[in-house]
Amino acid sequence: MGVLIEVDWLVVGAGLSGATFAERAANVAGARVLVVERREHIGGNAFDANDEYGVRIHRFGAHIFHTSSVKVWDYLSRFTAWLPYVHRVVAEVDGVSLPVPVNLTTVLALVPGNAGERLRERLIKAHGAGSSVSVLTLIEHPDPDLRALGELVYEKIFLGYTMKQWGRRPEEIDRSITGRVPIIVSHDDRYFNDQFQGIPADGYTAMVDRMLRHPNVAIETGVDYREIVDQVKFRRMLFTGQVDELFEGKHGWLPYRSLQFENIRIHVDRVLQTAVKNFPGAEPFTRMIEHAHFSPMRRASTLITAEYPQRYVRGMNEPYYPLLDRESRQLYRKYAEEAQRIGDRVVLAGRLGKYRYLDMDQAVAHSLAIFENHVLRSSNSYPSARLRTGLDLWA
Ligand SMILES: Cc1cc2nc3c(=O)[nH]c(=O)nc-3n(C[C@H](O)[C@H](O)[C@H](O)COP(=O)(O)OP(=O)(O)OC[C@H]3O[C@@H](n4cnc5c(N)ncnc54)[C@H](O)[C@@H]3O)c2cc1C
């Protein structure tokens, strides 16, 4: 089959990374963009949709937007209003709900009475009120009592969760992941302390839809880019899919972690105290999400989703998290070098293209930077007068 479409940019993936780039390329540079998405919908992992009771469901796990970047917040705010939302999480430990990240309230619940009070004072003295210290730092602490506290927190809250989440012992996991788990030296029980936090008022899917609504942007969902790439004439490609798939696994397949979601319907308005509850114990799931917390309206029915971490099997389930260790980093580097060699043609982006865990604000920030570096500061020109008149070239 011959060429059906001619575009400036072929964007693979309609998640936040692809949508941000496509929006900028079309709106600012007047580029013609084709966005190809393997799933049946746009939005990537941030995809949400209302259930039959009007509760918005985060189909691929709870997604809370939080950022300290004014640039990213202002950018996304062009496409959505925000519902104010402050994320709080509890963990069920020995039948009791305790705040996570672990804070001084959690410490006092784990170690009641005078012993707990003493630990609180020692933590404040050693690290300062309001500071945050990683559980691994505490385990290696010179103060034996704080070391014992570190061990307790590690055993009760961290170890079981981490093993379930990653299918490995924490020592086997890259520090960039374990280091993410802090102990907060205050009673602040907010999960994030970023300047901006919220949930898009009409949902993430509606936000991404508005980003992509432009006469220069065409979207194909339910299509793997490999099925159509021969029919698209493109100058450059932004690739937000799995980088190992881009090169057909020639250096070996990268490891990922997957999830299975189990939905439980209960006909009351709310069941859980917080939107997310962690289960570090013997249960086979890591957390439960109650979606109703993300909508301001009360409904007669609530949906709870339990998350069961799983081994990723190519073609069978979704690659939700890169499984980072020294070996996988080395493997990724080989693919990144390959990509560099064809850098004038293909740019890698997003959590799968970059093989890194990215929060949504980081995904948006990276795509904005790619746009600035590869389009605005490049010699590429898009004859916007011609392009803005319509899609004549697409017919
Ligand atoms: C369970 C879970 C919870 C999360 N919670 C939060 C949170 O609370 N807050 C937060 O900030 N971030 C959260 N994140 C991270 C957030 O999902 C990412 O930041 C965001 O999805 C990154 O967008 P992306 O476009 O890079 O990737 P994706 O959203 O994965 O989009 C990439 C898209 O490319 C498509 N694709 C892949 N290969 C092909 C192909 N061959 N052809 C066509 N299309 C292809 C995929 O189908 C996918 O839709 C969470 C992630 C997970 C997994």
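Preceding this section is the structure that the text describes.
Structure report, in brief. (Residues numbered from 1 in each chain as written. Predicted model: local features only at pLDDT ≥ 70, side-chain atom pairs only at ≥ 80, totals over all residues. Heavy atoms only, no water.)

**What to know about the overall build of the chain**
Right, so step 1: Counting secondary structure elements, the chain contains 14 helices and 19 strands.
Right, so step 2: For the chain, whose C-alpha radius of gyration is 23 Å, the value lies close to the compact-globule estimate of 21 Å for 395 residues.
Right, so step 3: Its C-alpha atoms give the chain principal-axis dimensions of roughly 75 × 50 × 40 Å.
Right, so step 4: When the 395 residues of the chain are sorted by exposure, 56% land in the buried category.
Right, so step 5: If you take every contact in the chain between residues at least 6 apart in sequence, the share linking residues at least 24 apart comes to 74%. (Helix = DSSP H or I, 4+ residues; strand = E, 2+ residues; numbered from the N terminus. Rg over C-alpha atoms; globule rule 2.2 N^0.38 Å. Buried < 20%, exposed > 50% of the residue type's maximum accessible area, 1.4 Å probe, protein only. Contact = heavy atoms within 4.5 Å.)

**Points about the pattern of salt bridges**
Right, so step 1: Under the criterion given, the structure shown has 28 salt bridges.
Right, so step 2: The partner of D209 in a salt bridge is R213, with the nearest N and O atoms 2.3 Å apart.
Right, so step 3: Look at the salt bridges and you will find they share partners, linking R38, D224, R226, E245 and R314 into a network. (Salt bridge = Lys/Arg side-chain N within 4 Å of Asp/Glu carboxyl O.)

**What to know about the site of the ligand**
Right, so step 1: Taken together, the neighbourhood of the ligand is formed by 31 residues, with S17, E37, H63, R351 and L358 sitting nearest.
Right, so step 2: Contact distances for the ligand include 2.8 Å between an oxygen atom and a backbone N or O atom of I64.
Right, so step 3: Contact distances for the ligand include 2.7 Å between an oxygen atom and a side-chain N or O atom of R351.
Right, so step 4: Relative to its unbound accessible surface of 990 Å², the ligand loses 98% to contact with the protein. (Near = heavy atom within 4 Å. Polar contact = N/O pair within 3.5 Å; in protein donor to acceptor, adjacent residues only side chain to side chain. Areas by Shrake-Rupley, 256 points an atom, 1.4 Å probe, with all protein chains shown as cover.)

**Regarding the pairing of strand β17 (residues 302-311)**
Right, so step 1: Counting buried positions along β17 gives seven out of ten residues, so the element sits mostly inside the fold.
Right, so step 2: Both strand β14 (residues 256-266) and β17 contribute to a ladder of ten bridges, which runs antiparallel. Each residue of the ladder has a partner; that of R257, found in β17, is R311.
Right, so step 3: By the bridge criterion, four bridges tie strand β16 (residues 287-290) to β17 in an arrangement that is antiparallel. Looking at β17, one finds that E290 is bridged to I304. (Pairing = 2+ DSSP bridges.)

**Details of helix α13 (residues 360-376)**
Right, so step 1: Taking 1.5 Å per residue, 17 residues should reach 24 Å; α13 reaches 23 Å between its end C-alpha atoms and fits that length.
Right, so step 2: Considered for burial, the residues of α13 that qualify are M360, D361, A363, V364, S367, L368, I370, F371 and V375. (Expected span 1.5 Å × (residues − 1).)

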